[in-house]
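Reading the structure
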Amino acid sequence: LSYGGSLPPGRAVVSPYLSEPLLHDGRKWDLRTYVLCTSALPMRLYLFTEGVVRYAAAAYGSSGRAAYLTNTHVGKETLHRGIAPITGTFAALGDHFSARAQRGGEE
């Protein structure tokens, strides 16, 4: 893993780059989930059943960061409108991939 820039001391998020990511309608995506911690001792956590699917603002393979980042700020800045075109629900994503599986894996 290599990185040409500089990282702030003591703070970094590192994850492997996937050269062939799973796409939805030609765009990269990620899942944002939420957990509520109501107690540390004893540990009590609640996982919300619905989260947010975040999509890249541009098709994967396009030039520019909007094709590779699912960051909400980048998407809003690229599209010059709200977040509706770059967010979705877990249910809609599940429906998409179920239908895709029934078609034999075609996008």
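Quick look at the structure, then. (Residues numbered from 1 in each chain as written. Predicted model: local features only at pLDDT ≥ 70, side-chain atom pairs only at ≥ 80, totals over all residues. Heavy atoms only, no water.)

1. Quick word on the pattern of salt bridges
Counted by the stated rule, this structure contains 2 salt bridges. With a closest N to O distance of 2.7 Å, Asp30 and Arg54 form a salt bridge. One end of the pair, Asp30, is in strand β1 (residues 29-32); the other, Arg54, is in strand β4 (residues 52-55), and 24 residues separate them in sequence. By relative accessible area, which is 21% here, Asp30 ends up partly exposed. Judged by its relative accessible area of 14%, Arg54 falls in the buried class. Where Glu77 meets Arg65, a salt bridge forms, and the shortest distance between an N and an O atom there is 2.4 Å. One end of the pair, Glu77, is in helix α1 (residues 72-79); the other, Arg65, is in the loop between β4 and α1, with 12 residues separating them in the sequence. Looking at Glu77, the relative accessible area reads 39%, which means it is partly exposed. For Arg65, a relative accessible area of 45% gives the class partly exposed. (Salt bridge = Lys/Arg side-chain N within 4 Å of Asp/Glu carboxyl O. Helix = DSSP H or I, 4+ residues; strand = E, 2+ residues; numbered from the N terminus. Buried < 20%, exposed > 50% of the residue type's maximum accessible area, 1.4 Å probe, protein only.)

2. Examining the environment of Asp25
Relative to the elements of secondary structure, Asp25 occurs in the segment before β1. Once the C-alpha coordinates of Asp25 and Ala59 are considered, the two residues, 34 residues apart in sequence, prove to be 8.2 Å apart.

3. What about helix α2 (residues 90-102)?
Structurally, the α-helix is built with 3.6 residues per turn, so residues lying three or four positions apart point the same way. Counted at 1.5 Å a residue, the expected span for α2 with its 13 residues is 18 Å, and the 18 Å between its end C-alpha atoms agrees. Taken together, the buried positions of α2 are Leu93, His96, Phe97 and Arg100. Buried residues of α2, viewed axially, fall in a sector of 85°; they line one side. Facing away from the buried side of α2, by more than 90 degrees, are the exposed residues Asp95 and Gln102. On its buried side, α2 packs onto β1 and β4. Following α2 by one or two positions, Gly104 adopts a phi angle in the positive range, close to 90°. (Expected span 1.5 Å × (residues − 1). Arc of directions from axis to C-beta. Contact = heavy atoms within 4.5 Å.)

4. Quick notes on the nonpolar core
If you look at the biggest cluster of nonpolar residues, it comprises 6 residues: Ala57, Ala58, Ala66, Ala67, Val74 and Ile86. Other than its neighbours up to four places away in sequence, Ala57 contacts Arg27, Ala66, Leu69, Gly75, Thr78, Leu79 and Ile86. (Core = buried A, V, L, I, M, F, W, Y, C linked by side-chain atoms within 4.5 Å.)

In short, the description is geometric, and any link to function would need to be established separately.
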